[in-house]
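# Overview (structure and organization)
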Amino acid sequence: MAQLFPTIEIIKKLNPLPTEGELKLVKFLKKTLPEDWEIYFQPFLNGDKPDIVLVRKDYGVLIIEVKDWELKKYAIEKDKWVLRHNKSQIIKSPIDQVSQYKNNFFDLHIPDLLQKKIKESKLYGIIQTQIYFHKETQESLNKWTHDRSINPNPRFCALIGRDSLNENIYTNILNGQLLNLKKTYFDKQLYLEF
């Protein structure tokens, strides 16, 4: 069982309250992942507040954005996400959102990480991203993104539907993102900086 910070009891009392999707995902991750995974719920990182950040010593970091969205209510207009009923309301793409969190780890949050990445490009892979769409099945999510030509590289940004919260399926997703593969360059010092 993975370590969760803060505890589920504290998470349920936070203001604002966690969404249904956030609670379901946190409970699934805590129950499913091995004890060497650390789960941080809405950590405050110099102004950034990703929904979930997972850290695993010797393996890497995973940033997860949770969306309790029904995708049928959203459209893509000129590469911008908008609400169907109010097309003037532009919404930040969740893919751009997790990418920004990832880049901020390199640019702002971890000292000298950007310089290390410049010297050793494979360091960019120590941080992976996922977006969990709680109100979508994997099939409906895949169809919606395919129909709109949204094709993030699943190795770097996995899009996950609610029915993928299954131990075997989720383990395959982590394997595809190389998060179950030890990385010598994610050493103790770098782990402690995170």
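Look up: the structure comes first, before these words.
Residues numbered from 1 in each chain as written. Predicted model: local features only at pLDDT ≥ 70, side-chain atom pairs only at ≥ 80, totals over all residues. Heavy atoms only, no water.

Attention now moves to the overall build of the protein chain. Scanning the protein chain for helices and strands turns up seven helices and nine strands. Taking 2.2 N^0.38 as the reference for a compact globule, 194 residues should give roughly 16 Å; the C-alpha atoms of the protein chain span a radius of gyration of 17 Å, in line with that estimate. Taken over 194 residues, the protein chain has a buried fraction of 47%. The contacts in the protein chain between residues at least 6 apart in sequence include a share of 62% that link residues at least 24 apart. For the protein chain, the computed accessible surface area is about 10,600 Å², with 50% contributed by carbon and sulfur atoms. (Helix = DSSP H or I, 4+ residues; strand = E, 2+ residues; numbered from the N terminus. Rg over C-alpha atoms; globule rule 2.2 N^0.38 Å. Buried < 20%, exposed > 50% of the residue type's maximum accessible area, 1.4 Å probe, protein only. Contact = heavy atoms within 4.5 Å. Areas by Shrake-Rupley, 256 points an atom, 1.4 Å probe, with all protein chains shown as cover.)

Let us look at unusual backbone geometry. The omega angle of the peptide bond from Phe5 to Pro6 is -10 degrees, so this bond is cis rather than trans. Cis geometry is adopted by the peptide bond preceding Pro16, which originates at Asn15 and carries an omega value of 5 degrees. Within the fold, Pro16 resides in the loop between α1 (8-11) and α2 (20-32). With a phi angle near 45 degrees, Gln42 is a residue other than glycine that sits in the positive phi range.

With that out of the way, let us pick up the sheet that holds strand β3 (residues 52-56). With mixed pairing, the six strands of this open sheet are ordered in space as β1-β2-β3-β4-β8-β9. With partners counted over all chains shown, the strands left at the sheet margins are β1 (3-5) and β9 (157-161), one partner each. Taken over all neighbouring pairs, the strand axes of this sheet differ in orientation by 20 degrees on average, direction set aside. Here helix α3 (residues 94-109) sits on the sheet and contacts β3, β4 (60-67), β8 (127-133) and β9; the angle it forms with β8, its principal contact strand, is near 155 degrees. Packing of helix α5 (residues 138-147) onto the sheet brings it into contact with β8 and β9, and relative to β9 it is tilted by some 130 degrees. (Pairing = 2+ DSSP bridges. Axes fitted to C-alpha atoms, helices over the stretch in contact; angles between N-to-C directions.)

Further remarks concern the side chain of Asp51. Within the fold, Asp51 resides in the loop between β2 (37-41) and β3. Buried and unpaired, Asp51 has no salt bridge, with Lys67 as the nearest side chain of opposite charge at 5.5 Å. Residues contacting Asp51, with those up to four places away along its chain left out, are Glu22, Tyr40, Phe41, Gln42, Pro43, Ile64, Glu65 and Val66. (Lys, Arg positive; Asp, Glu negative; His and termini not counted. Salt bridge = Lys/Arg side-chain N within 4 Å of Asp/Glu carboxyl O.)

Looking now at the pattern of salt bridges. Two side chains of opposite charge can pair, provided their charged atoms sit close to one another. A complete count under the given rule lists five salt bridges for this structure. For Lys73, the salt bridge is made with Glu70, and the minimal N-O distance between the two is 3.7 Å. A relative accessible area of 44% means that Lys73 is categorised as partly exposed. Lys143 is paired through a salt bridge with Asp147; the nearest N and O atoms lie 2.8 Å apart. Of this pair, Lys143 and Asp147 both sit in helix α5, four residues apart, which is roughly one turn of the helix. The exposure class of Asp147 is partly exposed, given its relative accessible area of 45%. A cluster of three or more residues bridged by salt bridges with shared partners is formed by Glu70, Lys72 and Lys73.

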